[in-house]
Amino acid sequence: MFINGCFEGGGIKGLVYVGAIKFLEERGYKFFKVCGTSVGSLFAALISVGYTADEICDCINEIDYRLIANKNNIKDGIKNIGVYNIDSLERKVYELLEAKGKTRFIDVKYGNDYLLKIVAAEMKTKQMVIIPDDLPKFGYSKDDFLISKAVAMSCSIPLVFNRYRLSNYIFVDGGVVNNFPIELVINDKFPIIGFRLNEERDDSRNYLIKLRNKIFKINRSFKTENINIIYFDSLLIRASQFKKGLDNRDRLYKIGYETTKKFFHANI
């Protein structure tokens with residue numbers, strides 16, 4: 001059975017998604033359209049090119065946390081306003097996509113649309129950017145754009161990773177504008193599951209979110225019927241605690257699996 005999926009951003013906490021995907025695979029579910037922000041964009045990208053939960057697990061188990069936490073030198077850190085360099089992560093994502101023979105958005109194109117959507121924020125124009133849909137605004141081809149580049153743009157957490165520069169534009173983590181872009185997979189015939197790394201909350205009452213939406217001119221009005229949202233505990237691990245997250249990967253995998261299992265037994 002096909003489903004559409006949206007993966008929330010949340011840094012290393014996203015390891016719970018491995019367990020969630022594993023459970024869904026065992027139940028015979030397959031993702032059709034996927035979208036995500038930050039670490040959610042990474043998982044969405046891997047799913048869109050055909051990675052299974054076991055394959056993603058193998059990839060993570062081979063990763064040294066220093067691949068993610070690759071510190072900038074002091075000069076570059078000050079210039080790019082970030083402690084860590086995003087380039088290593090981008091190269092690794094490209095290698096993983098290349099192993100499946102799908103590195104550009106044309107490789108995940110279905111008819112006139114794309115099965116993968118990624119959110120980033122552009123700071124100069126103060127825009128929420130949906131990749132690949134909005135790329136022509138910045139002078140780039142939708143079909144030819146590298147998926148790994150989009151993931152890196154979406155994962156550039158302000159102050160943690162360096163800002164991502166393309167031509168005269170500056171991109172940062174999509175969580176700045178839309179950390180859970182579930183509206184990107186709503187208008188389709190398949191059921192929708194959203195995966196969230198934070199507690200259940202009413203975003204419409206959050207003053208900071210309202211202010212952000214005003215600055216970036218974001219209008220997120222959409223119907224929420226027939227949308228299933230699963231909330232995961234992440235052991236109080238912070239998004240940028242890369243080593244702690246990787247050290248606790250097995251526990252996070254289990255949380256993802258058991259939480260999804262419990263949700264399905266109670267709701268579906």
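Residues numbered from 1 in each chain as written. Predicted model: local features only at pLDDT ≥ 70, side-chain atom pairs only at ≥ 80, totals over all residues. Heavy atoms only, no water.

### Brief notes about the pattern of salt bridges
Inspection of every chain in the model, using the stated rule, returns 11 salt bridges. Residues aspartate 143 and lysine 109 are paired through a salt bridge, measuring 3.2 Å at the closest nitrogen-oxygen approach. You can see aspartate 143 sitting in the loop between β7 (127–131) and α7 (147–155) and its partner lysine 109 sitting in strand β4 (residues 109–110), a full 34 residues away along the chain. Of the charged contacts, one joins lysine 117 and aspartate 133 as a salt bridge, the two residues approaching to 3.2 Å between their closest N and O atoms. Placement of lysine 117 in strand β6 (residues 116–122) and of aspartate 133 in the loop between β7 and α7 is noted, with a sequence separation of 16 residues between them. By relative accessible area, lysine 117 is classed as buried at 7%. Look at aspartate 133 and you get partly exposed, because its relative accessible area is 32%. Via salt bridges that share partners, Lys33, Asp113, Lys117 and Asp133 belong to a single interconnected network. (Salt bridge = Lys/Arg side-chain N within 4 Å of Asp/Glu carboxyl O. Helix = DSSP H or I, 4+ residues; strand = E, 2+ residues; numbered from the N terminus. Buried < 20%, exposed > 50% of the residue type's maximum accessible area, 1.4 Å probe, protein only.)

### Some details on the confidence of the model for the chain
On average, the chain scores 86 in pLDDT, and the residues at 70 or more come to 82%. For the stretch residues 72–80, pLDDT sits under 50, and the model shows 13 contacts to residues farther than four places along the chain or on other chains. Low pLDDT, under 50, characterises residues 207–216; the predicted model gives this stretch 19 contacts beyond four residues in sequence or across chains. (pLDDT = per-residue confidence, 0-100. Contact = heavy atoms within 4.5 Å.)

### Some thoughts on the packing of aromatic side chains
Summed over the entire model, instances satisfying the criterion amount to 21 aromatic pairs. When the centroid spacing of 6.3 Å and the interplanar angle of 65° are considered together, the rings of phenylalanine 263 and phenylalanine 264 count as edge-to-face. In this structure, phenylalanine 263 and phenylalanine 264 share a single accessibility class: buried. A connected cluster of aromatic rings, assembled from ring pairs, spans Phe7, Tyr17, Phe31, Phe43, Phe195 and Phe232. Positioned above the aromatic ring of tyrosine 51, the side-chain terminus of lysine 100 is 4.9 Å from the ring centre. Across the ring face of phenylalanine 180, the terminal group of arginine 196 is positioned such that the distance to the ring centre comes to 4.2 Å. (Phe/Tyr/Trp six-rings, centres within 6.5 Å; stacked < 30°, edge-to-face > 60°. Lys NZ or Arg CZ within 6 Å of the ring centre and 35° of its normal.)

### Considerations on the pairing of strand β2 (residues 30–37)
Among the 8 residues that make up β2, 7 are buried, leaving the element largely enclosed by the rest of the structure. Strand direction decides the pairing type here: strand β1 (residues 2–7) and β2, joined by 5 bridges, are parallel. When the sheet's bridge partners are listed, cysteine 6 is paired in β2 with cysteine 35. With helix α1 (residues 16–26) bridging β1 and the parallel β2, this β-α-β connection has right-handed handedness. The sheet contact formed by β2 and β6 spans 4 bridges and is parallel. Its bridge partner being in β6, valine 34 is matched across the sheet by leucine 116. (Pairing = 2+ DSSP bridges. Right-handed = clockwise from strand over helix to strand, strands pointing away.)

### Overview of the environment of tyrosine 51
Of note, tyrosine 51 is situated in the loop between α2 (39–48) and α3 (53–61). Counting along the chain gives 49 residues from tyrosine 51 to lysine 100, while the straight-line C-alpha distance between them is 8.1 Å. Once residues within four sequence positions are removed from consideration, tyrosine 51 is found in contact with Leu46, Ile56, Cys59, Leu96, Ala99 and Lys100. Polar side-chain contacts of tyrosine 51 include one of 2.6 Å to the backbone oxygen of leucine 96. (Polar contact = N/O pair within 3.5 Å; in protein donor to acceptor, adjacent residues only side chain to side chain.)

### A short note on the layout of surface pockets
Unoccupied space between atoms shows up once a probe the size of one water molecule is rolled over them. Within this model, the second largest pocket holds a volume of roughly 340 Å³. For the second largest pocket, the lining is made up of 18 residues, of which Lys30, Phe31, Ile47, Gly50 and Tyr51 are closest to its centre. Those elements giving two or more residues to the lining of the second largest pocket turn out to be α1, β2 and α2. (1 Å grid on protein atoms, 1.4 Å probe; cavity = no way out; pocket = protein on both sides within 12 Å on 5 of 7 lines; lining within 4 Å. Points joined across faces, edges and corners; volume = space filled by probe spheres on them.)

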